[in-house]
Amino acid sequence: MIVVPIKEGENIERALKKLKRKFEKTGVVKELRERQKFTKPSVINRERMQKAIYVQHLRQQELDK
């Protein structure tokens, strides 16, 4: 459970902003969206490989500069 302590006189919008930030950091929403549909393991592996190739390409470009 996420708890956001509010100081006396603190703005409610600011407290909501803190709550949203904490909620994003926990990754609950991201996990819920991933669980809405089944993704085949082969698709997950392919996405990981593509991401690794992309990152490697970016690092190689940075070294070439």
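Scroll up for the structure.
Predicted model, so just to flag it, every value in this text is computed and none were measured. (Residues numbered from 1 in each chain as written. Predicted model: local features only at pLDDT ≥ 70, side-chain atom pairs only at ≥ 80, totals over all residues. Heavy atoms only, no water.)

Moving on, we come to the environment of Gln 36. Residue position: Gln 36 is located in the loop between α2 (28-35) and α3 (41-64). The spatial distance from the C-alpha of Gln 36 to the C-alpha of Tyr 54 is 27 Å, given a sequence separation of 18 residues. (Helix = DSSP H or I, 4+ residues; strand = E, 2+ residues; numbered from the N terminus.)

For the structure on display, the rule yields 2 salt bridges. In this structure, the salt-bridge partner of Glu 10 is Lys 18, at a minimum N-O distance of 3.1 Å. Given a relative accessible area of 31%, Lys 18 falls into the partly exposed group. (Salt bridge = Lys/Arg side-chain N within 4 Å of Asp/Glu carboxyl O. Buried < 20%, exposed > 50% of the residue type's maximum accessible area, 1.4 Å probe, protein only.)

This part covers α3. Turn by turn, an α-helix covers 3.6 residues, leaving residues three or four places apart pointing in a common direction. The terminal C-alpha atoms of α3, which comprises 24 residues, lie 35 Å apart, in line with the 34 Å expected from a rise of 1.5 Å per residue. Of all 24 residues making up α3, only 0 are buried, and the element is barely covered by its neighbours. (Expected span 1.5 Å × (residues − 1).)

What follows deals with the side chain of Glu 10. With respect to the helices, strands and loops of the structure, Glu 10 is situated in the segment before α1 (12-26). On the accessibility criterion, Glu 10 (18% relative accessible area) is buried.

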